[in-house]
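Architecture and fold: a report
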Amino acid sequence: MDPKNGSSFTGFILLGFSDRPQLERVLFVVLLIFYLLTLLGNTGIIALSRLDPHLQTPMYFFLSNLSFLDLCYTTSTVPQLLVDLRGPDKSISFAGCVAQLFVSLWLGSTECILLGVMAFDRYAAVCRPLHYTVIMHPRLCALMASASWFIGFVNSSLHTVLIFLVPLCGRNKIDHFFCEIPPLLKLACVDTTVYESELFSVSVMILLIPVALITFSYGQIVRVVLAIKSASGRRKAFGTCGSHLTVVSLFYGTGIYIYLQPSNNYSQDQGKFISLFYTIVTPMVNPVIYTLRNKDVMGAMRKVLCRGYDSR
């Protein structure tokens, strides 16, 4: 998508929800509240994992990475959307669009891999409890987290380069609220079948390989849990995995809908609301999902709050 394709090309216009002015006002208030809750919740998870020694374990190391990812991912799209919802100017520069696409793809791809890694961590905790600390050595945890970030970076670089090689012929109105692959492909003035095939192949690997790892891990976990005779033991084992499964379902369900369906079946309106879900709703609810049923996090939160109250 060479900016020289149009002689007067200065950037893109993000149409977003401009055809629904009443909805824009409501969305601004709702998304602002959701964004602030996202910042508060995910920052809280990171802070608690650092402050409480009991939370300095592989599980919370990966959870801190996930919270940091969610913070950055939401921030890569929502502030721009809030600005667009409040004013008539809905433009974004060519460089800004490239950067937004690259960052959002990088963080989204990294989260795909990281959720698979977190499933392996739960597998080791439930199925190999006596060897857990040996298997999930801090060096291995750091290596797996770094690999997730690196694979996400490579995937984003490939997608971004492929997308912006497609000729636009001066078209610059993106029927979306941020620069994302499906609506960008709609701007192309040439046949995009080859590009879509290449992008689909990469998306399959990034989405389905972690799904396969998650399926295997939880298949083994279920097999082990069913062998546990005590009801309390089964509840504890399922409880430690239930939060992660909920997050996986929310994230992968929306990601697969957006990136693995044929382009001729893609609905712009549905795509916008699905994108809203995984760019703001999922990052907001992740801290809630991980804390509501987690006694360790709730206990750490009480300790930190009591410590702050006692210091006054």
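First, a word on scope: everything that follows refers to the structure included in this document. Owing to the predicted nature of the structure, the values given are computational and were not obtained by experimental measurement. (Residues numbered from 1 in each chain as written. Predicted model: local features only at pLDDT ≥ 70, side-chain atom pairs only at ≥ 80, totals over all residues. Heavy atoms only, no water.)

Among the surface-exposed residues, Val29, Ile33, Leu37 and Leu40 lie close enough to one another that they form a single nonpolar patch of about 380 Å² accessible area. With respect to the secondary-structure elements, Ile33 resides in helix α1 (residues 21-51). (Patch = residues over 30% accessible without salt bridge, like charges linked within 9 Å, V, L, I, M, F, W, Y side chains within 5 Å. Areas by Shrake-Rupley, 256 points an atom, 1.4 Å probe, with all protein chains shown as cover. Salt bridge = Lys/Arg side-chain N within 4 Å of Asp/Glu carboxyl O. Helix = DSSP H or I, 4+ residues; strand = E, 2+ residues; numbered from the N terminus.)

A separate point is the environment of Leu63. Within the secondary structure layout, Leu63 lies in helix α2 (residues 58-75). Note: C-alpha distance between Leu63 and Leu114 (51 residues apart in sequence) is 9.3 Å. Excluding residues within four positions of it along the chain, Leu63 makes contact with Ile45, Met118 and Tyr290. (Contact = heavy atoms within 4.5 Å.)

For the rest of this paragraph, the subject is the state of the cysteines. On inspection of all chains with the given rule, the structure shows one disulfide. Put simply, Cys97 and Cys179 are joined by a disulfide, and their sulfur atoms are 2.0 Å apart. Judged by the torsion about the S-S bond (-125 degrees), the Cys97/Cys179 disulfide is left-handed. Linking Cys97 in helix α4 (residues 94-127) with Cys179 in the loop between β3 (173-174) and α7 (181-185), this pair joins segments that are 82 residues apart in sequence. (Disulfide = S-S within 2.5 Å.)

Attention shifts here to the packing of helix α6 (residues 138-163) against helix α8 (residues 193-227). Packed helices, taken two at a time, are described by the angle between their axes plus the distance between the axes. At a minimum axis separation of 10 Å, α6 and α8 run at an interaxial angle of 170 degrees. Comparing the axis directions of α6 and α8 gives the class roughly antiparallel. In the crossing of α6 with α8, the sense of the turn from one axis to the other is left-handed. Contacts between α6 and α8 pair Ile151, Asn155, Leu158, His159, Leu162 and Ile163 from the former with Tyr195, Glu198, Leu199, Val202, Ser203 and Ile206 from the latter. Tallied by class, the residues present in the contact of α6 with α8 amount to eight nonpolar, three polar and one charged. (Axes fitted to C-alpha atoms, helices over the stretch in contact; angles between N-to-C directions. Parallel < 35°, antiparallel > 145°, perpendicular 65-115°, else oblique. Left-handed = near helix turned anticlockwise from the far one by under 90°. Nonpolar A, V, L, I, M, F, W, Y, C, P; charged D, E, K, R; others polar.)

Read these as geometric descriptors, not functional statements.
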